[in-house]
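Topology and contacts: notes
Okay, here's what each chain looks like letter by letter:
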Amino acid sequence: MGLVLDFATTTAILFIVTSGLMMIFGVMQIVNFAHGAILAIGGYVAFVITRVGIPSLYGCFFAFIAGFLVGALIERFVVRPLYRRPLDAILATWGLGIVIIQVIVMIFGRGVQLVESPLQGTWNILGTEYSSYRIIMIPVALCIGGVIIALLNGTRFGIKTRAVIMNENLAESLGINSGMIRFISFSIGAGLGTMAGFFITPLSSVDPYMGVAWLTNAFMLVMVSGHSFLALAGACLVFGSIQVLVSIYVNPVLGGMAISVLAAATLRIRPKGFSHD
Amino acid sequence: MTKSKISTQIPMLLCLILVVAGPFAFDTYMVNTLIKAFFFAVAAITVDLLWGYTGYLTFGQSAFFGAGAYCAGLVFTHLGFSSEYALLAGVLSVVIPGLLALFVGWLSFYHGAAPFFSCVISLVVPIVVYQLVLSGGNFTGSSSGLTGFETFDFEIESWYWIAGAIMLVAAIATDIFVKSDAGKILVAIRDNEQRCEYLGLNTYVIKTLLLGVCGALAGFAGFSYGAFSGVVAPELTGFSFGTEMIIWVALSGRGTLWGPVIGTVLITVISSYLSNSIPFVWQLILGIGFVSVIVFLPKGLLPYVIRPLSRKSSLDAPIKLEEAKIQDSSVSGHAIVMDHVTKSYGSLDVLKNITLTGDPGDLIGIIGPNGAGKTTLMRCMGDGEHRTGGSVEICGRDLGKKHPEEVVRLGLGRKFQNANIFQTLSVSECLRIARTIRERPSLVRTSKVLALPAYVLDVMKVTGIDKKLGTAAKDLSHGEQQALELSMVLALEPKVVLLDEPTAGLTLSERRSIGAIFSALAHKYRFCCLLVEHDLEFVKEIATKIVVLYHGTILMQGDVDEVVNSKLVQDIYTGTKSSARNSEAEK
């Protein structure tokens, strides 16, 4: 039972961390290398909010808004001019990541900050004691996934976004302002990133480099998933479970590499990865 | 003095002065920093070769650098230091990273690999190596690395000159290579990989080998660094260090060899001073500088520093054209045979049971309305993996599942619909790359003579591009670009030439001259030309045979008159019968 919970919570956490990246990659075909820094912003939002004493339930909205604004600025001033040079856009977002992290260092210092978990202790699930905060991550991930899918499938914005994903030129000629779609999706993606940073904070400590550790795994998961959020959830489940297994039965260090290596191998064998279209 | 010479000589001279005079001018701390900077610069050269020249964005060179450093650290720590062990470590530091790089190359480059995929793999490599080092326990020293091992007992001045010499040798050798005829292939791959494949170049093998060499070189630089500093830390293998190399190269100027050399040295030196006084601000400045350069000055800073110093002048010694001897290997039998070729996407059949033959001297016009499958037909001839059924033979040899670069070696040349050329290379360089499979280019020299088959010289003379050998391909007019691509394809000495709407967007007079060329190619030089065209009038004048494609099937094939005058063709090709009549009446 403990193992099943490990699988489920690892999947949930991975999904939370990658969803923002996916939003951006799906629409713009750009991997946002600043994602690590954006996760860190979320962590510091959590840090500030617990200091000020705002209940953490509202905290995640603050985190989302902070990320949304940062994302909007990045899109407008850095990513947009590089639209025709995707590899350069990757590099520029990496550079921005450095800038954001250094700004955080200058404000909060380099040290590790601890944020108290809003939900402590363990819950008893079918006879297994398990960290309650990790369990909470499962409904959180389901909510995030549900909202995104509802947004993409049930709203006008979603239809336009999917049109841009499928065929940008055609979408533009039908009068869809694809620049605006890109702008909004990038901002939402960044917002999801900070929210993820907010949620993972109680699991790890807060330091300016906290996001970097998640970065490559998140990239690889998004790469194998193509455009689809369902594929992303599947990839998180499969690779997350393998990571858990390798960490427990082989070696935690190898477990840390499992996702990257397996995802790379998957892409080498099947370039489309998990997406089926 | 020419521009390219100035942009090389000034930085080279600066580096030389720095290397020779360093120990006399600087204090020990500075000398120490510079020695490390020289080794970093060697690693930066490899990043520049891979990214700046070849267009492969890599975050992974730190893995090879670090692996080389660990070769020194591990051998000297566990086996001890002696001249034999030093030699062993030196050899290992070239071989192990080199082999690792070849493996990474095999993983990253294959037929149809997206450039972005290769980039992501390069991201995984340093992470894997880093984790392996961390999990190595006492053997690798885990997170604290290896320190305190015995190493070469040189004076610091000697180290300085050794390091400087290594850097200069690496830089000058690379400089000679990238300016050689073979070095231009790297730029060609960056500009247009597809065209390279259709010129018979196996780009993924080239890139894998290049990565192997670059990995070995970076490994050796890492070995020297480890042997000098006496400290080997896991950070040397890490992903952050790999991105730092990219920052050095991007800031100073990718694709300019001496820019990254000077940039790496400067940034390393400034960093070592400023990171003590204002560490975070310096990182911040570097980050902002990096982002701004990427956004506003993608070529980096060096070209802007150098430009005011160089006057505009003519190019280096002009290239002389001469006629190449062609091996006479006339085709006996059919030049191309397609037997029941089909192509389907899922349940959609784009081509159904295409059977046609072409002989030397044929000029086959393939006509049909939009969506008839004309371009798909060309693709099935040019790429063995494209068709889903049936067989194709070129010059009597089966196409099988061969990739374009192998198909080209069977004797096929494909001209694309849009001028598919190497934008930043000059006309003569484009043509020389097209000759690669006939004439192995030199790794060190730039040839002053360009030998081309007589018919290529004809095409160039008729279209006037023989006067523009030094012009960059992107500065040619649309018609000239089409002529250049045609010349490149013909320079392969193919037996079968695929021409996909070669006259699209050309003026009437250009059309006429190009039509005359096609006739000559088929009738005089015995090529088998397959010409996809919309313009029935154009085809009518030059073709020997016409194939009508409609909804993926061959509706009709035969003599020009027979096809053009058939009621069937008039019905489908011009829409309705009556409108066909009207157009006849207008004439």
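**Details of the domain arrangement of chain B**
All names here are of chain B. Its domain assignment divides chain B into domain 1 (14-239) and domain 2 (421-493). A separation of 35 Å is found between the C-alpha centroids of domain 1 and domain 2. Taken together, the contact between domain 1 and domain 2 spans 19 residues of the former and 22 residues of the latter. In total, domain 1 and domain 2 occlude about 1700 Å² of area from one another, counting both sides; carbon and sulfur atoms represent 65% of this. It is Asp 181, Arg 195 and Leu 199 in domain 1 that bury the most area against domain 2; as a group they hold 39% of the surface buried on that side. Between domain 1 and domain 2 we count three salt bridges in total. Residue Glu 429 pairs with Lys 184 through a salt bridge whose shortest N-O separation is 3.7 Å. At the boundary of domain 1 and domain 2, one finds five residue pairs in polar contact (both at pLDDT 80 or more). Contributions of two or more residues to the side of domain 1 that touches domain 2 are made by helix H7 (156-179), helix H8 (184-191) and helix H9 (193-197). Residues that form the side of domain 1 that touches domain 2 fall into these classes: ten nonpolar, three polar and six charged.

**Quick word on the interface of chain B and chain A**
In this complex, chain B contributes 34 residues to the contact, which on the side of chain A involves 36 residues. Between chain B and chain A, the buried area comes to about 3200 Å², and carbon and sulfur atoms account for 83% of it. Joining chain B to chain A, the criterion identifies one salt bridge. Between Asp88(A) and Arg254(B) there is a salt bridge, with its nearest N and O atoms 3.2 Å apart. Counting the contacts that link chain B with chain A gives three residue pairs in polar contact (both at pLDDT 80 or more). Mapped onto the side of chain B that touches chain A, the elements with two or more residues apiece are helix H4 (83-108), helix H5 (115-134), helix H11 (239-252) and helix H13 (279-296) of chain B.

**Structural notes on the packing of aromatic side chains**
As enumerated under the stated definition, the model contains 30 aromatic pairs over all chains in all. When the centroid spacing of 5.3 Å and the interplanar angle of 85° are considered together, the rings of Tyr29(B) and Tyr273(B) count as edge-to-face. On the criterion of sequence distance, the pair formed by Tyr29(B) in helix H2 (residues 28-53) and Tyr273(B) in helix H12 (residues 258-277) is long-range, its members being 244 residues apart. Directly above the aromatic system of Phe77(A) lies the positively charged group of Arg76(A), at a separation of 5.5 Å from the ring centroid. Above the plane of the ring of Tyr198(B) lies Arg414(B), whose end atom (NZ or CZ) is 5.2 Å from the centre.

**Points about empty space enclosed by the protein**
All names here are of chain B. Enumeration over the complete set of coordinates arrives at two cavities of 30 Å³ or more. One number sums up the size of the largest cavity: a volume of about 50 Å³. Forming the boundary of the largest cavity are Asp 181, Lys 184, Ile 185, Glu 429, Arg 432, Ile 433, Thr 436 and Pro 441. Going through the elements one at a time, H8 and helix H17 (427-434) are the ones with two or more residues in the lining of the largest cavity. Per element, the largest residue contribution to the lining of the largest cavity is three residues, and it comes from H17. Per-class residue counts for the lining of the largest cavity are three nonpolar, one polar and four charged.

**Digging into the sheet that holds strand E6 (residues 363-367) of chain B**
All names here are of chain B. Taken in spatial order, the six strands line up as E9-E11-E12-E6-E13-E14 in an open sheet, and their pairing is mixed. Every other strand in the sheet has two partners, leaving strand E9 (412-415) and strand E14 (553-558) as the edge strands with one partner each. The average angle at which neighbouring strand axes cross in this sheet is 15°, direction not considered. With respect to the sheet, helix H15 (residues 374-382) is in contact with E6, E9, strand E11 (496-500), strand E12 (528-532) and strand E13 (545-550), its orientation differing from that of E11 by roughly 150°. Across the face of the sheet, helix H20 (residues 508-523) comes into contact with E6, E11 and E12 while running at roughly 130° to E6.

**Here we look at the state of the cysteines**
In the structure shown here, the tally under the stated rule is zero disulfides over all chains. Take Cys143(A): it sits in no disulfide, and the sulfur closest to it among the cysteines is that of Cys60(A), at 9.8 Å. Lacking any disulfide linkage, Cys395(B) is separated from the closest cysteine sulfur, that of Cys528(B), by 8.8 Å.

**Overview of the nonpolar core**
Counting residues in hydrophobic clusters, the biggest one holds 229 residues, and the most contacted among them are Phe199(A), Met167(B), Leu484(B) and Phe518(B). Here this core gathers at least three residues from each of two domains, domain 1 (14-239) and domain 2 (421-493) of chain B. The contacts of Leu484(B), once residues within four sequence positions are left out, are Ile421(B), Val427(B), Cys430(B), Leu431(B), Ile465(B), Ala473(B) and Leu476(B). Core analysis: the next-biggest nonpolar cluster, separate from the first, contains 27 residues, Ile364(B), Met378(B), Val392(B) and Val547(B) among them.

**Here we look at the pattern of salt bridges**
Under the definition given, this model contains 13 salt bridges over all chains. For Arg80(A), the salt bridge goes to Glu75(A), with nearest N and O atoms at 3.0 Å. Take Arg80(A): its relative accessible area is 36%, and that puts it in the partly exposed class. Of the charged contacts, one joins Lys415(B) and Glu485(B) as a salt bridge, the two residues approaching to 3.0 Å between their closest N and O atoms. Highlighted residues: Lys415(B) in strand E9 and Glu485(B) in helix H19 (residues 478-491), separated in sequence by 70 residues. Take Lys415(B) and Glu485(B): they sit in the same class, and that class is buried. Linked by salt bridges that have partners in common, Arg85(A), Asp88(A) and Arg254(B) make up one network.

Conventions adopted
- Residues numbered from 1 in each chain as written.
- Chains lettered and ligands numbered in written order.
- Predicted model: local features only at pLDDT ≥ 70, side-chain atom pairs only at ≥ 80, totals over all residues.
- Heavy atoms only, no water.
- Domains from an automatic or database assignment.
- Contact = heavy atoms within 4.5 Å.
- Buried area = accessible area lost by both parts, 1.4 Å probe.
- Salt bridge = Lys/Arg side-chain N within 4 Å of Asp/Glu carboxyl O.
- Polar contact = N/O pair within 3.5 Å; in protein donor to acceptor, adjacent residues only side chain to side chain.
- Helix = DSSP H or I, 4+ residues; strand = E, 2+ residues; numbered from the N terminus.
- Nonpolar A, V, L, I, M, F, W, Y, C, P; charged D, E, K, R; others polar.
- Phe/Tyr/Trp six-rings, centres within 6.5 Å; stacked < 30°, edge-to-face > 60°.
- Lys NZ or Arg CZ within 6 Å of the ring centre and 35° of its normal.
- 1 Å grid on protein atoms, 1.4 Å probe; cavity = no way out; pocket = protein on both sides within 12 Å on 5 of 7 lines; lining within 4 Å.
- Points joined across faces, edges and corners; volume = space filled by probe spheres on them.
- Pairing = 2+ DSSP bridges.
- Axes fitted to C-alpha atoms, helices over the stretch in contact; angles between N-to-C directions.
- Disulfide = S-S within 2.5 Å.
- Core = buried A, V, L, I, M, F, W, Y, C linked by side-chain atoms within 4.5 Å.
- Buried < 20%, exposed > 50% of the residue type's maximum accessible area, 1.4 Å probe, protein only.

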